Amino acid sequence: MIVQPVALDGDRIRLEPLSLAHLDALSEAGAHDDLWRLTRTRAETREGMAEYIESALREQRQGTALPFVTIDKPSGRVAGSTRFGNIDAANRRAEIGWTWITPALQRTYVNSEAKYFMLRHAFEVWDCVRVELKTDVLNTQSRAAILRIGATEEGILRKHMLAQEGRFRDSVYYSILDTEWPAVRDLLRSFLTPT
């Protein structure tokens, strides 16, 4: 499991390695309070986004994360960001998360295509046996999106982590196993076919 920056290129999106060069475009795409309402960090300002990028790159240097900027190819604009995190090469597992998409491109092909290419990389390049996803129990939109791509809900970790403004969040965990990947792959491919 070699964890190094890589571009994942699809028909309508491109996931390219995150860098500080993306700061201005990410700041513009992320300048929406609602994106950060149920997250552990706030990055709706340029300063907040700089901290967000620095944190992701620090985890990348530690070998536990692989962050991406999400590019919408039809418009050529930055749509958001996502990453592999909590990478555990010894146990052949990784988490996909830290995903946010600018409101204009939510509920479009962007998330489905990004998840398809990330899951394909995890299972077919890294040979993962497990990919995890998690979200705040209050984030019904994320919960629905995770179930939609074929993940299995495993349970809720109560008071799992400190969220914004001192609230302890309950986290819902999901997973996709290597044995489930072929069916999930077919489901995601069906989403990528233009109607």
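From a predicted model like this one, the values you see are computed outputs, not experimental measurements.

*Asks:* Explain the pairing of strand β2 (residues 13-17) to me, using residue names and the numbers behind them.
*Replies:* Relative to β2, strand β1 (residues 8-9) runs antiparallel, the two being bridged by 2 bridges. Paired with D9 across the two strands is R14, which belongs to β2. In this structure, the hairpin formed by β1 and β2 is closed by a connection of 3 residues. The sheet contact formed by β2 and strand β3 (residues 66-72) spans 5 bridges and is antiparallel. Its bridge partner being in β3, R14 is matched across the sheet by I71.

*Asks:* Pulling in residues and values, what's your account of the packing of aromatic side chains?
*Replies:* Enumeration according to the criterion identifies 7 aromatic pairs in this entry. Arranged with centres 4.9 Å apart and planes meeting at 80°, the rings of Y116 and F117 form a pair that is edge-to-face. When its relative accessible area of 5% is taken as the criterion, Y116 is described as buried. Judged by relative accessible area, F117 falls into the buried class, the value being 11%. Relative to W181, the ring of Y116 lies with its centre 6.4 Å away and its plane at 35°, an arrangement referred to as tilted. Placement of Y116 in helix α3 (residues 109-125) and of W181 in helix α5 (residues 181-192) is noted, with a sequence separation of 65 residues between them. Its relative accessible area of 4% is what places W181 among the buried residues.

*Asks:* How would you summarise helix α2 (residues 46-61) if you had to cite specific residues and measurements?
*Replies:* Look at α2: 22 Å from first C-alpha to last across 16 residues, which is about the 22 Å you get at 1.5 Å a residue. Along α2, the residues that are buried comprise G48, M49, Y52, I53, A56 and L57. Buried positions along α2 lie against α1 (23-29), β3, β4 (77-88) and β5 (93-101). The positive-phi residue at the C-terminal boundary of α2 is G63, with phi of around 85°.

*Asks:* Tell me about the nonpolar core, residues and numbers included.
*Replies:* Across soluble globular proteins, nonpolar side chains show a tendency to be buried alongside one another. F84, L119, W126, L133 and I176 are the most contacted members of the largest nonpolar core, which totals 35 residues. Every element with two or more residues in this core is listed here: β2, β3, β4, β5, α3, β6 (130-136), β8 (168-177) and α5. L18, M49, A56 and V78 belong to the second largest nonpolar core, which has 16 residues in total.

*Asks:* Can you break down α3 residue by residue, with the values?
*Replies:* With 17 residues, α3 should cover 24 Å at 1.5 Å per step; its first-to-last C-alpha distance of 23 Å lies within 8% of that length. A positive phi of about 60° marks D127, the residue just after α3.

*Asks:* Talk me through the pairing of β6; I want residue IDs and the actual numbers.
*Replies:* Burial analysis of β6 places 7 of its 7 residues in the buried class, the great majority of the element. Pairing geometry for β5 and β6, over 3 bridges, is parallel. Paired with R93 across the bridge in β6 is R130. In terms of handedness, the path from β5 via α3 over to β6 forms a crossover that is right-handed. One ladder, built from 7 bridges, connects β6 with β8; its direction is antiparallel. Each residue of the ladder has a partner; that of D136, found in β8, is S171.

*Asks:* For the packing of α3 against α5, give the residues involved together with the corresponding values.
*Replies:* Relative to each other, α3 and α5 sit at 150°, their axes nearing to 9 Å. Relative to α5, α3 is oriented roughly antiparallel. Between α3 and α5 lies a crossing of left-handed hand. Facing α3, whose interface residues are S112, E113, K115, Y116, L119, R120, F123 and E124, α5 presents W181, V184, R185, L188, R189, F191 and L192. A breakdown of the residues in the contact of α3 with α5 according to their chemical character gives 8 nonpolar, 1 polar and 6 charged.

*Asks:* If you had to explain the environment of E44 to someone new, which residues and values would you point to?
*Replies:* Turning to its location among the elements, E44 is positioned in the loop between α1 and α2. Separated by 17 residues in sequence, E44 and S27 have C-alpha atoms that sit 6.7 Å apart. In this structure E44 touches G30, A31, H32, D33 and W36, once residues within four positions along its chain are discounted.

Conventions and cut-offs
- Residues numbered from 1 in each chain as written.
- Predicted model: local features only at pLDDT ≥ 70, side-chain atom pairs only at ≥ 80, totals over all residues.
- Heavy atoms only, no water.
- Pairing = 2+ DSSP bridges.
- Helix = DSSP H or I, 4+ residues; strand = E, 2+ residues; numbered from the N terminus.
- Phe/Tyr/Trp six-rings, centres within 6.5 Å; stacked < 30°, edge-to-face > 60°.
- Buried < 20%, exposed > 50% of the residue type's maximum accessible area, 1.4 Å probe, protein only.
- Expected span 1.5 Å × (residues − 1).
- Contact = heavy atoms within 4.5 Å.
- Core = buried A, V, L, I, M, F, W, Y, C linked by side-chain atoms within 4.5 Å.
- Right-handed = clockwise from strand over helix to strand, strands pointing away.
- Axes fitted to C-alpha atoms, helices over the stretch in contact; angles between N-to-C directions.
- Parallel < 35°, antiparallel > 145°, perpendicular 65-115°, else oblique.
- Left-handed = near helix turned anticlockwise from the far one by under 90°.
- Nonpolar A, V, L, I, M, F, W, Y, C, P; charged D, E, K, R; others polar.

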